[in-house]
Each structure stands twice: as C-alpha cells, then as structure tokens.
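# Structural features, examined
Chain residues, written in single-letter form:
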Protein chains: 2
Amino acid sequence: MKEEEKEILRYLKYCWETNVYLRKYPLKDWEDAYYKGKVLFFSWKNKNFFRLNKDFKFYPLGTFFNEKILVLGYPHIPRIYVLKTGLKRYLKYPFYAEEKIEGYNVRLVKVDDEILAFTRRGYVCAFATDRWEDFLPELPRFFEENPDLVVCAEVAGPENPFVSEYPSYIKEDINFFVFDFMKKGEGEFLNVSKKLELLKKYRLNSPEIQGPFDPEKDYQKIKELLKRYHLEKREGVVFKPDYEGNRVKYVTPFSNLEDLRVVFPYLGEIDPYFVSLRLIRLALNLYEFEEFKEEVYSVLGKNLFEETLENFKTERLLQETFRVRFKKESNFHAMLAHFRIAKVSIEVKKTEWKNGYFCVEFSKIYPKATQFWKSKLEGWGEID
Amino acid sequence: MKEEEKEILRYLKYCWETNVYLRKYPLKDWEDAYYKGKVLFFSWKNKNFFRLNKDFKFYPLGTFFNEKILVLGYPHIPRIYVLKTGLKRYLKYPFYAEEKIEGYNVRLVKVDDEILAFTRRGYVCAFATDRWEDFLPELPRFFEENPDLVVCAEVAGPENPFVSEYPSYIKEDINFFVFDFMKKGEGEFLNVSKKLELLKKYRLNSPEIQGPFDPEKDYQKIKELLKRYHLEKREGVVFKPDYEGNRVKYVTPFSNLEDLRVVFPYLGEIDPYFVSLRLIRLALNLYEFEEFKEEVYSVLGKNLFEETLENFKTERLLQETFRVRFKKESNFHAMLAHFRIAKVSIEVKKTEWKNGYFCVEFSKIYPKATQFWKSKLEGWGEID
C-alpha cells in the first residue's frame, strides 16, 4: 500500500472516531467500502472529504462527509406519468406543487469558514461555490442561525457550465432556486410550511410554490397548472406533502420535447434509452393532455432530427459552447480541474474580465458522439 | 446424470463420428458446448437434431445438425446507413440489389424423406414446413438434382404466424421469396448469376433482383430504386456481389417508420433500444433523401403514439391477432408446441376447415407490455 493511501485510511479512521454519523456502521465496513471504490477521498483547497460513489447501506450515492459533517445524497424522486391516478396514489391533503427547474442540483453547506456547494454526486461545484453570494446574499446569516441545515438549490440559467437547457424566463447569467432545507447527518427535509417561512425570512429565491392541494378535489387546478407550465416552456412540478409522506414529480410535454431536441445530436455520448424514455413520457403526457397532441405531432420530427441534419453538413467535432462568469479566476481553474477528473474534454475559447467578473467561453468536445455519426456518414456498416 | 441426458450425449457422439463437419473440432469441445447450453437437442416428429443457441467457433447461432447434415446459421448482414459512401466502401462492380422482404427467414432442407423449413434460430418451423409446396412446387425436383444445397427464403404476407409487417403487394395468405442457395456444411452461397439460373429453372419465387451495378457510376440509379421502394412501401435492399465479397443491407424510411408504428405499443416486451435505433436510421435516411423530410416529420408522431393512445382507452390485455392457414392440422399443433417452448402466450380464437385448409385465428398475449403501460396509467411512480 502506498504511503498516500495509508494516510487516507488514517483520515477515514479519524473521521469515523470523530463523526457520530459514521459510527452507525463499524469502521471495517467503511474501510471495505473504501477498498471497493464506493467511498472516495477528495479535497477542495485545504479541506478534505469523502464522497459515496454508490449507495452504501443507509447512505445514498452523493453523500459526503469528513470529521465534522455528513450530508446525505439528494434522493431520487419517483416520477409519475399520469397526474389523475398518480397524485391520489402518493399524496393526500395538504401537499404543494413546486416548480421543477431545469438546471442542476447543489447542496450548500457551511464547512468551517466557508459556504461550499456540492453537486449531486458529492463533488464541490466550483461554479456554484463561486456564485451563490450574488443570488443568496443572506446565506451567511442563514447558516449562523441554522447551523444544522443544508440548503438544496437548483442552479439554472443560460450561463451555467453543465446543462444546456434552462427556464426561458432567465434571460442571462443564472439564478439559484432554493427548494429544500435538509438536516445535516439525518437527511430529513423541513416541511413546506417551515420552508416557506425560512425562504421569506432570509429572502432566498425559490421555485414557484402552489398549494396546499388535495389530490382529488384539486386535480383540475393542478392540471391547469401543468398546462400553463407547458405553455410557458417550464419543465414540470415536484409534489411535496406538507408533513411526512411521498414526493413525486411530473414533467410537461414541453420538457420531454426539449430533452429530445437537446440530446439526439449527442447520441454516442448518452444512452439511447434516454430517447425512448422521453417518448414513453410523451405518450403518457398526451393521454392526459390531448389538447397538446397536434403540437407534439407537429414538432417531434423537427426536434429530433433538425439539429442532427444540420450537423451532418459540417465535418467538425461535435461540441457545445458554454458561457459562464466567475467572481474569482481560481474557481474557474478549479472547475477545469473537475472536468479533467470527470474526463470531460474542454476547449477554452475566450476569457476576459468584464464588470468585475471573469467571463469564460468554453466548449465541451464530444468525441464519442462525433464518431457515432461520422462512422455512419462515412458508410461503415454495423450489425445492429 | 439422467438416462435421457446420457442418451442425448451418446447421440451427439454418434453424430460426431458420422458427420464430417462436426469433426472439425474434437468431440470434447462439442460436449462442453452441450453442457454449457450452447448446443441444444430437439426433435421434429421422428427426427433428431441439435441446434446452436450461441455462436460456437466457426459455426454461428442457428446452425443445426444431426448425423447426416449440418447447415450453418444464416449470417447477419451488416447495415449501411448511407448509400453514397457505404456502397463504394463495401462493393465493387458487378453487384446486385435484391429487394429485402419484410417477413421471416427460413432455410429449407431435404432431410431423408421430407423437406423441412428451419427458422433463423435453428428450430423447425411447422408453418413454413407445412406450406412450402403451395408456393415452391418444384422444390422436390430441385433437391433431387441439387442434394448439397439449402434454399434460403423469406416467408412473408398478411397471414404468417410471426411478423405483423408484410409487403403491401401481398394481398392475402403468404408467399415464399427465395433469396439464396447455401452449401450444406460449408455455408457458402452461390453467386448471383448461378442463383438467377436456378431460380428460373425451378420456377422459384424470388425478391426483385436488379443489377449488375457499379457502386459509383450507378449511385443515382440505386438511389432512385430505394426512392421507389420507399414510395411503394417496401422494406429495403440487400446488396450482393456477384462473386465473392461483402454483402450489406439498407432500409427505406418507410420501413423505419413502420417498425416504430408496430413496436412502440409493445414496449415492455421489446428492448427500448429498438426505438432509438429506428430513429437513428431515419435521421440518416433523411441525410440522403431530403425529399422525404416533410413526410417523415408529418407522420412520425402519429406512427409512434396513435396506436398506444388508442390502447390507453381500453383496459384489456395487449394482444396481437394472427391468421394463418395450414394444410395439415398436425402442423398447427406443432406450431403451438413451439410457442409453448418459446414461452409465447397464445390464445386460439377460431379454427375451421375451408377450401382444403385448416384456417386458424390466434392471438399472442403480451403480459409484459400490458404491465409496462398499465402500471404507469395507474399512477405508479418510477425512478428512471
């Protein structure tokens, strides 16, 4: 065993001795998980962490910890395909409908002296860590007064480094949308009433929250809400009970159509199942929203193929351009380091300081998608 | 080991000692393959065979043999997605374009006293075995004069028991389309010139065969042919060199659109990748046949969703109805036995003797597809 590895195991042991949440399981189990690559060590500047790469007993993928804190991975919320039957199967009065924002999920946590944003997989997100104070200026006061809470937020907008879809009402840059407060160590969420109170008190931007609703009596209201969201080009809704109970999500036909548009050209990078899944969801959207059938039928072909057909005319590498702005140049370099680790191929096109921000334009290169289409265009045969 | 199993192994040894094609590999290898479930024993009436369930050394899946014969599995032909580049990559003058018929592939072989039809997987097809003499009446003379050949044919039409798509020009019942003569034991095909001669001599029905072509000079001609096939609702083309060389296939946008229409309602039974693959092929069809873009865009949504949306309105089990006619009732029962082995759930709706044929109507029941859609319609959530 290398000295470095021994050092990491000593640190894991120290975390286990110091952090009560780890002692739920024997040290040996954690060590085994480390050997199996389920528990991974990483550092952010002068801070050290472990993150879970797979579910491990009670703790889901994306859980991260060190000697002082443990934050659970954000849970996957089951999707329902039909509101009429799904709402009453999972929810009862009172529940709320929160807008589901197209972006990426971060958990904001105060670690010693600084507030860090962690991605769904438990990495530190350099971009969200850099930018939260522009959008959630009262977060320091929030954490002083609520040291046991984690702030779960969606980062969304045309200038984010990860997701090419975004809500059409964000015209530039990004925003943070706080949608949950989670308890450190335990992973429980505050209920909606308490959440609304804290959002207001600390002036934290949040998704639209409607309710309370009853699953049967308010079905029409909820259907109208989703209809409006579709027409306003919004992604969908997460339904949350006020107190304990199930959460479920539902997305608009618009969102499924957009996913197809955005992903089809990049087949080869992503699982083809992604495409089938969106089509299945669309069919079930149309079961409940017959009024959108003509629209879906008329745009589906274009959404699927148009960009790909345009790409066929050029011979260049498939790539997607992102523009983002940072407060600190060092955080931009930390993001680049993250992309290297995640084996995402990046080409930086432009950097400039402007209005106090380090503005960056970069492309993600998709060699697998390029090859996927190129070999077919060049006439190579396949047994499929 | 059970007595029955010992008996099968003794028979395998006997086949190996008697049939020269098996002695290509040591007996031990064949026995190992049997233990691993790659070589399976089966019988058809008073005849015994083995078939390969997986590729085994030189012999592909679908190969079958006994002490007297060995017939290789019909090879998978690579698909090209673009004619312009694909033809010249794989073919040179002279090659032929044979219509690819939407049906199922059988290999007709004379075994002792009778002519049997074997499916792609190496089972005896009771239906094709029952019906070949209606469509290929000179087959007995063919096999007398050509005892070393296997006749490869597509069985297609509205009244076949396996495939719900069929060429629109077959208005009732089925037909046999002979597309290859294969050498027993070796698996080589006769070249196109020789094939044309035999087809004519024995008046064997065949797919349309055009050519000879040159891959560069005749590109426009071939493109026009595929355009006509698309408009005539035909599946596509298999390109075959006259002498040795590669074979490749290409399908029309029509065929891809039809596959989507026919398969989408039965997701749950079939791999969702099937859907993505057809969409990928369609995108590449449109690269070369821009003239069909509007048509594809206008029918795609309907083809994908319309039947599924209709199904949503009923609560019954998903099923597909087939009508077929047999000459002998015993062959119908053999087909039912085959469906039992293949775990296809069947409901016989009607049987009657009519004009000398035993006419059958039966449904295939799709419990997995039923459950796939039903659980979603009932509001069950999924983490997808």
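Residues numbered from 1 in each chain as written. Chains lettered and ligands numbered in written order. Predicted model: local features only at pLDDT ≥ 70, side-chain atom pairs only at ≥ 80, totals over all residues. Heavy atoms only, no water.

Residue and element names in this part refer to chain B. Read across the open sheet, the three strands follow the order β13-β15-β14; overall the sheet is antiparallel. Here the strands that pair on one side only, and so sit at the sheet edges, are β13 (319–326) and β14 (345–354). Neighbour to neighbour, the strand axes of the sheet diverge by 15 degrees on average, direction disregarded. As judged from the nine bridges shared by β14 and strand β15 (residues 357–365), these two strands associate in the antiparallel manner. The residue of β15 that forms the bridge with Thr351 is Val360. Packing against the sheet, helix α4 (residues 126–135) makes contact with β13 and β15, and its axis sits at approximately 45 degrees to β13. (Pairing = 2+ DSSP bridges. Helix = DSSP H or I, 4+ residues; strand = E, 2+ residues; numbered from the N terminus. Axes fitted to C-alpha atoms, helices over the stretch in contact; angles between N-to-C directions. Contact = heavy atoms within 4.5 Å.)

Residues and elements named next belong to chain B. Structurally, the position occupied by Glu102 is in the loop between β5 (95–100) and β6 (104–111). It is Lys100 that comes nearest to the buried, bridge-free Glu102 among opposite-charge side chains, at 6.2 Å. When neighbours within four sequence positions are excluded, Glu102 is seen to be in contact with Glu154, Ala156, Val163, Glu165, Tyr166, Pro167, Glu235, Ser255 and Asp259. (Buried < 20%, exposed > 50% of the residue type's maximum accessible area, 1.4 Å probe, protein only. Lys, Arg positive; Asp, Glu negative; His and termini not counted. Salt bridge = Lys/Arg side-chain N within 4 Å of Asp/Glu carboxyl O.)

Moving on: the UniProt feature "domain: RNA ligase" (unreviewed entry) in chain A. UniProt tags residues 94–251 of chain A as "domain: RNA ligase" (unreviewed entry). With 25% helix and 33% strand, residues 94–251 of chain A has end C-alpha atoms that lie 21 Å from one another. (UniProt positions renumbered as here; feature names shortened; annotations may be inferred.)

Attention shifts here to the interface of chain A and chain B. With 48 residues of chain A at the interface, the matching set in chain B holds 48 residues. When chain A packs against chain B, the two sides together hide about 4,400 Å² of surface, and 68% of this comes from carbon and sulfur. Looking at the side of chain A facing chain B, the largest losses of area belong to A:Tyr297, A:Phe305 and A:Asp384, adding up to 15% of the total buried there. Inspection of the chain A/chain B interface yields six salt bridges. A:Lys293 serves as the salt-bridge partner of B:Glu306, at 3.1 Å between the closest nitrogen and oxygen. Mapped onto the side of chain A that touches chain B, the elements with two or more residues apiece are α3 (83–90), α9 (273–288), α10 (293–312) and α12 (367–377) of chain A. Split by residue class, the side of chain A that touches chain B holds 31 nonpolar, seven polar and 10 charged. (Buried area = accessible area lost by both parts, 1.4 Å probe. Nonpolar A, V, L, I, M, F, W, Y, C, P; charged D, E, K, R; others polar.)

Next up on the list: the packing of α12(A) against helix α9 (residues 273–288) of chain B. For the pair α12(A) and α9(B), interaxial distance at closest approach is 11 Å and the crossing angle is 50 degrees. Classified by the angle their axes make, α12(A) and α9(B) are oblique. With respect to the hand of their crossing, α12(A) and α9(B) are arranged in right-handed fashion. On the side of α12(A), the interface is formed by A:Phe372, A:Trp373, A:Lys376 and A:Leu377, while α9(B) contributes B:Ile280, B:Ala283, B:Leu284 and B:Tyr287. Of the residues that constitute the contact of α12(A) with α9(B), the class distribution is seven nonpolar, no polar and one charged. (Parallel < 35°, antiparallel > 145°, perpendicular 65-115°, else oblique. Left-handed = near helix turned anticlockwise from the far one by under 90°.)

Let's shift gears to unusual backbone geometry. For the peptide bond that leads from A:Gly211 to A:Pro212, omega is 0 degrees, which places it in the cis range. Its place among the elements puts A:Pro212 in strand β10 (residues 209–213). Although it is not a glycine, A:Arg203 adopts a positive phi angle of roughly 45 degrees. One non-glycine residue, B:Asn355, lies in positive phi territory at about 50 degrees. In this structure, B:Asn355 sits in the loop between β14 and β15.

Below, the discussion takes up the domain arrangement of chain A. Residue and element names in this part refer to chain A. When cut into domains, chain A gives domain 1 (3–68), domain 2 (83–251), domain 3 (253–301) and domain 4 (319–365). One C-alpha centre belongs to domain 1, the other to domain 2, and the line joining them spans 28 Å. Every contact between the two is made by 16 residues of domain 1 and, on the other side, 18 residues of domain 2. Interface area, domain 1 with domain 2, both sides summed: about 1,400 Å², of which 59% is carbon and sulfur. Interface area lost by domain 1 to domain 2 is led by Trp44, Lys47 and Phe64, which between them contribute 41%. For the salt bridge of Asp113 with Lys47, the shortest nitrogen-to-oxygen distance reads 3.1 Å. Linking domain 1 with domain 2 are six residue pairs in polar contact (both at pLDDT 80 or more). Elements supplying a minimum of two residues to the side of domain 1 that touches domain 2: β1 (39–44) and β2 (47–52). Counting residues per element, the side of domain 1 that touches domain 2 draws most heavily on β2, which supplies four residues. (Domains from an automatic or database assignment. Polar contact = N/O pair within 3.5 Å; in protein donor to acceptor, adjacent residues only side chain to side chain.)

Inspection of the entire model under this criterion finds 84 aromatic pairs over all chains. Between the aromatic rings of A:Phe41 and A:Phe50, the centroid separation amounts to 5.5 Å while the plane-to-plane angle is 65 degrees, which identifies the pairing as edge-to-face. A residue is classified by how much of its surface remains accessible, and A:Phe50, at 0% relative accessible area, is buried. Grouping aromatic residues by their ring pairs yields a cluster made of A:Tyr11, A:Tyr14, A:Tyr25, A:Trp30, A:Phe41, A:Phe50, A:Phe56, A:Phe58, A:Tyr59 and A:Phe65. Sitting above the plane of the B:Phe274 ring, B:Arg278 keeps its charged end 3.5 Å from the centroid. (Phe/Tyr/Trp six-rings, centres within 6.5 Å; stacked < 30°, edge-to-face > 60°. Lys NZ or Arg CZ within 6 Å of the ring centre and 35° of its normal.)

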